[in-house]
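Given next are the chains, with one letter for each unit.
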Amino acid sequence: GGGRGGDGVVPIMFAASVIAVFLISAALSRIFLHPIRVFHSGVEMISDQDYGVRLEMETGDEFENLSEAFNEMSQGLLERERIQRFVPSEVMDIIKSDGTGDLHPGGERVQAAILFSDIRSFTTITEQHPASDVVEMLNSYFTEMEPGILDHGGTIDKYIGDAIHAVFYQKENFPSPSLRACFAGLEMRRRLRELNLVREKSGKFQVENGIGIDFGFVVSGKVGSRNGRLAFTAIGEAVNDASRLEAESKSGRYSKIMVSESVAREIASHVVLEPSGILGSESEKEGIPFHEVRGLHPPKTVHP
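All values derive from a computational prediction rather than experimental measurement.

K.L.:
How should helix H7 (residues 237-248) be read in this particular structure?
P.N.:
For H7, built from twelve residues, the straight-helix expectation of 16 Å at 1.5 Å per residue is met to within 8% by its first-to-last C-alpha distance of 16 Å. For H7, the set of buried residues is Ala238, Val239, Asp241, Ala242, Leu245 and Glu246. Along the long axis of H7, the arc covered by the buried residues comes to 165 degrees, so they all point the same way.

Okay, structure coming up:
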């Protein structure tokens, strides 16, 4: 009789053990799997560039410490994304590719096309309209102008008040810098016409601009304090001449895009040009001719 009683205890103990294991597994699942799922969800959001996501985890253990570290990393990524909007893409590429960590001033002499654009009578605009209207105009204006430059492989070197300084470097498998700068200028003028139509329908004041383009050697690189702030920019006579050509665009009769002789030679087979005058130059005693872009050459008709 005693043996049968002992035999009955074994299944009960086994069942109790199974139940205990199940309960322990469930408890461990709540303790570990839920935080892991939360972290996995956070990582997926970061991978989708949803920066700034925060994990709310009050477990009082290492998982809470990890969530705080994750939140600090997420906030750092959000701040970096915001900063990138103030930095040209070429600068970010240099920083990412510079394995030496060399962030000291330095540069190289390269050939590039320089596009300089300015809003006409901007001082008068600021005097005649409320500051909020001026800022709203600038934001919508730059929003329209930027794609016209970037879509043709240009780099916005900087905004100078209401002016845009853009650089078109030599790139493999891309048209010449001068031609890309010219196409960008035409695109900017087209976008400005469309912007003015929208502004007119809304009863807002109109905006006019001019564009100057030059091609030549510039010093391109990191300029600034050795231990302080740096700027990646292009400097040289081509930059100065592009600015001066933009000033000449005030007298333009067609596109208000003025190009130097060096640019004209590169784009003449694609663009109709109008001789417009002589641009005085410190390096040229007699000055250099410049031209206004009238438009693209019409496509050639092929006869059978």
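K.L.:
Where do I start with the packing of aromatic side chains in this structure?
P.N.:
Each aromatic ring pair is specified by the distance between its two centres and by the angle formed by the two planes. Under the counting rule described, the total for this entry stands at two aromatic pairs. With centroids separated by 4.3 Å and ring planes inclined at 35 degrees, the aromatic side chains of Phe142 and Tyr159 adopt a geometry described as tilted. With a gap of 17 residues between them, Phe142 in helix H5 (residues 131-150) and Tyr159 in strand S2 (residues 155-160) connect regions that are remote in the sequence. Exposure remark for Tyr159: the relative accessible area of 35% places this residue in the partly exposed category. One aromatic cluster is present, built from ring pairs that chain together Tyr141, Phe142 and Tyr159. The side chain of Lys171 reaches across the aromatic face of Phe174, ending 5.6 Å from its centre. The residue whose ring lies beneath Arg199 is Phe205, and the NZ or CZ to ring-centre distance is 4.6 Å.

K.L.:
I'm lost on the side chain of Glu292 in this one. Help?
P.N.:
Here Glu292 is to be found in strand S8 (residues 284-296). Within polar-contact distance, the side chain of Glu292 engages the backbone nitrogen of Arg253 at 3.0 Å. Not counting chain neighbours up to four residues away, the residues in contact with Glu292 comprise Gly252, Arg253, Tyr254, Ser255, Lys256, Ile257, Met258, Val272, Leu273, Glu274 and Ser276.

K.L.:
Looking at this model, I keep getting lost on the side chain of His165. Mind explaining?
P.N.:
Secondary-structure assignment places His165 in strand S3 (residues 163-169). Its relative accessible area of 3% is what places His165 among the buried residues. Filtering out sequence-adjacent residues up to four positions away, His165 remains in contact with Ile114, Leu115, Phe116, Thr155, Ile156, Asp157, Lys158, Ile160, Thr233, Ala234 and Val239.

K.L.:
Sorry if this is basic, but what is going on with the packing of H5 against helix H6 (residues 177-201) here?
P.N.:
A packed helix pair is summarised by two numbers, namely the angle formed by the two axes and the spacing between the axes. Two elements in contact, H5 and H6, have axes whose closest approach is 8 Å; the angle formed by their N-to-C orientations is 145 degrees. Crossing of H5 over H6 shows right-handed handedness. In this structure, H5 contributes Glu136, Met137, Ser140, Tyr141, Glu144, Met145, Pro147, Gly148 and Ile149 to the contact, and H6 contributes Ala184, Glu187, Met188, Arg191, Leu192, Leu195 and Arg199. Of the residues that constitute the contact of H5 with H6, the class distribution is nine nonpolar, two polar and five charged.

K.L.:
What exactly am I supposed to notice about unusual backbone geometry here?
P.N.:
Note: most peptide bonds trans; most residues except glycine with negative phi. One non-glycine residue with positive phi stands out, namely Asn173, at about 60 degrees. On the accessibility criterion, Asn173 (81% relative accessible area) is exposed. Phi at Lys256 is positive, roughly 60 degrees, even though this residue is not glycine. Turning to its location among the elements, Lys256 is positioned in the loop between H7 and strand S6 (257-260). Since its relative accessible area comes to 18%, Lys256 is described here as buried.

K.L.:
Got a minute to help me understand the pattern of salt bridges in this structure?
P.N.:
Pairing of side chains with opposite charge becomes possible as their charged atoms draw close. The tally for this structure, following the rule as stated, stands at twelve salt bridges. Glu136 is the partner of Lys204 in a salt bridge, and the nearest nitrogen-oxygen pair spans 3.3 Å. Here Lys204 is found in the loop between H6 and strand S4 (209-224), whereas its partner Glu136 is found in helix H5, with 68 residues between them in sequence. Judged by relative accessible area, which is 32%, Glu136 ranks as partly exposed. In this structure, the salt-bridge partner of Arg294 is Glu274, at a minimum N-O distance of 3.3 Å. Placement of the pair is Arg294 in strand S8 and Glu274 in strand S7 (residues 271-281), with a sequence separation of 20 residues.

Conventions adopted
Residues numbered from 1 in each chain as written. Predicted model: local features only at pLDDT ≥ 70, side-chain atom pairs only at ≥ 80, totals over all residues. Heavy atoms only, no water. Helix = DSSP H or I, 4+ residues; strand = E, 2+ residues; numbered from the N terminus. Expected span 1.5 Å × (residues − 1). Buried < 20%, exposed > 50% of the residue type's maximum accessible area, 1.4 Å probe, protein only. Arc of directions from axis to C-beta. Phe/Tyr/Trp six-rings, centres within 6.5 Å; stacked < 30°, edge-to-face > 60°. Lys NZ or Arg CZ within 6 Å of the ring centre and 35° of its normal. Polar contact = N/O pair within 3.5 Å; in protein donor to acceptor, adjacent residues only side chain to side chain. Contact = heavy atoms within 4.5 Å. Axes fitted to C-alpha atoms, helices over the stretch in contact; angles between N-to-C directions. Left-handed = near helix turned anticlockwise from the far one by under 90°. Nonpolar A, V, L, I, M, F, W, Y, C, P; charged D, E, K, R; others polar. Salt bridge = Lys/Arg side-chain N within 4 Å of Asp/Glu carboxyl O.

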